[in-house]
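An overview of the molecular structure
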Amino acid sequence: MKHLKLFESANPYYEKISSEEFDFSDMIGMSESNIRKIENLKTQKGVVRRLFRYPFDFFEFVASDCSEELNVYEREDEWFYVLAASRIDDSPSDYYRCDQFEGLVRLLKDLKVI
């Protein structure tokens, strides 16, 4: 059913999800090939990209003024989950589910990270 919901959405590459659907327990270590692909993405001027290796591999992108951060996690079958949060206030975070690497790239472009 989840696949049908994603297929029927206006954007088949990624969708905004609720915080309840964003479950850290299902995250896996990012594959080395996906780590290299993300490291090779050209970021917008001033965006800092960092790889964290604990407790599982994930990427963090931070705006040049440190006001926002975006964390990228991988789940099985190359699903990527993204958490976008403000670092300066208590505004609610946004959560996204991306289908395959192409969906992640499209979201990062739409959010003006790359």
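Now for a look at the structure at hand. It should be emphasised that the depicted structure is a prediction, and the values quoted were computed from it without experimental measurement.

Concerning the environment of Arg 53
Its location among the elements puts Arg 53 in the loop between strand 3 (48-52) and strand 4 (58-62). Considering only alpha carbons, one finds Arg 53 and Met 30, 23 residues apart in sequence, at a separation of 9.1 Å. At a separation of 3.2 Å, a polar atom in the side chain of Arg 53 contacts the side chain of Glu 32. A distance of 3.2 Å separates a polar atom in the side chain of Arg 53 from a polar atom in the side chain of Asp 57.

A few points about unusual backbone geometry
Not every positive phi belongs to a glycine, and Cys 66 is a case in point at roughly 60°. Along the polypeptide, Cys 66 turns up in the loop between strand 4 and strand 5 (68-75). Taking relative accessible area as the criterion, Cys 66 reaches 42% and is therefore assigned partly exposed. The backbone of Gln 100 sits at a positive phi, close to 65°, despite the residue not being glycine. Positionally, Gln 100 belongs in helix 3 (residues 100-110).

Structural notes on the nonpolar core
One finds Ile 38, Phe 61, Leu 70, Val 72, Val 82, Leu 104 and Leu 108 to be the most contacted residues of the largest nonpolar core, which totals 22 residues. Elements with a minimum of two residues in this core: helix 2 (32-39), strand 4, strand 5, strand 6 (79-86), strand 7 (94-99) and helix 3. Top contributing element to this core by residue count: helix 3, with five residues. Residues Phe 22, Tyr 73, Trp 79 and Leu 83 belong to the second largest nonpolar core, which totals ten residues.

Parameters at a glance
- Residues numbered from 1 in each chain as written.
- Predicted model: local features only at pLDDT ≥ 70, side-chain atom pairs only at ≥ 80, totals over all residues.
- Heavy atoms only, no water.
- Helix = DSSP H or I, 4+ residues; strand = E, 2+ residues; numbered from the N terminus.
- Polar contact = N/O pair within 3.5 Å; in protein donor to acceptor, adjacent residues only side chain to side chain.
- Buried < 20%, exposed > 50% of the residue type's maximum accessible area, 1.4 Å probe, protein only.
- Core = buried A, V, L, I, M, F, W, Y, C linked by side-chain atoms within 4.5 Å.

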